[in-house]
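This is what each chain is made of:
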Amino acid sequence: MQTIGIKSPSSDSDKRTGRGPGRDLVPLLAGMAVAVAGVGAVLALADVDSSLRGPLTLFFLLAAPGAAIGAALRGLDPFARTVVSVAGAIAVDLLVAQGMLAVHRWSVRGGIVAVTAISAVVLLLVVVRRLRKRMGKIRSSR
């Protein structure tokens, strides 16, 4: 006859499963940042007269390209990825503004749309690259 005992979970089980007290906070903060950035873009595009329009639009102009660049640089450590993402977001914003001024087509709405389009294209390229990588792994395992 064999006795089956119940093992108590080890103390490092939270580390292995990726669960911990601070793990649930990251998706919540990311969702809040997306909501705040979206409100900033809508306020700027709708030309709403609000005292929050400036700060929220600035947050959108930094967060949208920063998130796209950060998603593309997944291999870097978190601090380096943050620094490069912020610098890249500022560079995208400045290049859009410079391009619009060079062709004499400056407008706030146009800048928001251009930054949104560039960020969406970068995110789309990241998603396509990951899907191709995943499909390659699936095909090679067969």
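Just so we're clear, the structure is a prediction, and the values are computed from it rather than from any experiment.

**Concerning helix 3 (residues 53-72)**
Along its 20 residues, helix 3 runs 29 Å from first to last C-alpha, staying within 8% of the 28 Å computed at 1.5 Å per residue. Every buried residue of helix 3 is listed here: Leu 56, Thr 57, Phe 60, Ala 64, Pro 65, Gly 66, Ala 68, Ile 69, Gly 70 and Ala 71.

**As for the pattern of salt bridges**
Between side chains of opposite charge, a pair can form as their charged atoms come close. Going through the model one piece at a time under the given rule, you end up with one salt bridge. Taking the shortest distance from any N to any O, the salt bridge between Asp 47 and Arg 53 comes out at 2.7 Å. Assessed through its relative accessible area of 48%, Asp 47 is described here as partly exposed. The class for Arg 53 is partly exposed, based on a relative accessible area of 28%.

**Comments concerning the nonpolar core**
Membership of the largest hydrophobic core is limited to six residues, which are Ala 37, Ala 41, Ala 44, Phe 60, Ala 64 and Ile 112. Breaking this core down by element, the ones donating at least two residues are helix 2 (25-46) and helix 3. A total of three residues in this core trace back to one element, the largest contributor, which is helix 2.

**Considerations on the packing of helix 2 against helix 5 (residues 108-141)**
At their nearest, the axes of helix 2 and helix 5 sit 8 Å apart, and the two run at 145° to each other. The handedness of the crossing between helix 2 and helix 5 is left-handed. Across the interface between the two elements, Ala 41, Ala 44, Leu 45 and Ala 46 of helix 2 pack against Arg 109, Ile 112 and Val 113 of helix 5. Split into classes, the residues belonging to the contact of helix 2 with helix 5 amount to six nonpolar, no polar and one charged.

Rules used in this analysis
Residues numbered from 1 in each chain as written. Predicted model: local features only at pLDDT ≥ 70, side-chain atom pairs only at ≥ 80, totals over all residues. Heavy atoms only, no water. Helix = DSSP H or I, 4+ residues; strand = E, 2+ residues; numbered from the N terminus. Expected span 1.5 Å × (residues − 1). Buried < 20%, exposed > 50% of the residue type's maximum accessible area, 1.4 Å probe, protein only. Salt bridge = Lys/Arg side-chain N within 4 Å of Asp/Glu carboxyl O. Core = buried A, V, L, I, M, F, W, Y, C linked by side-chain atoms within 4.5 Å. Axes fitted to C-alpha atoms, helices over the stretch in contact; angles between N-to-C directions. Left-handed = near helix turned anticlockwise from the far one by under 90°. Contact = heavy atoms within 4.5 Å. Nonpolar A, V, L, I, M, F, W, Y, C, P; charged D, E, K, R; others polar.

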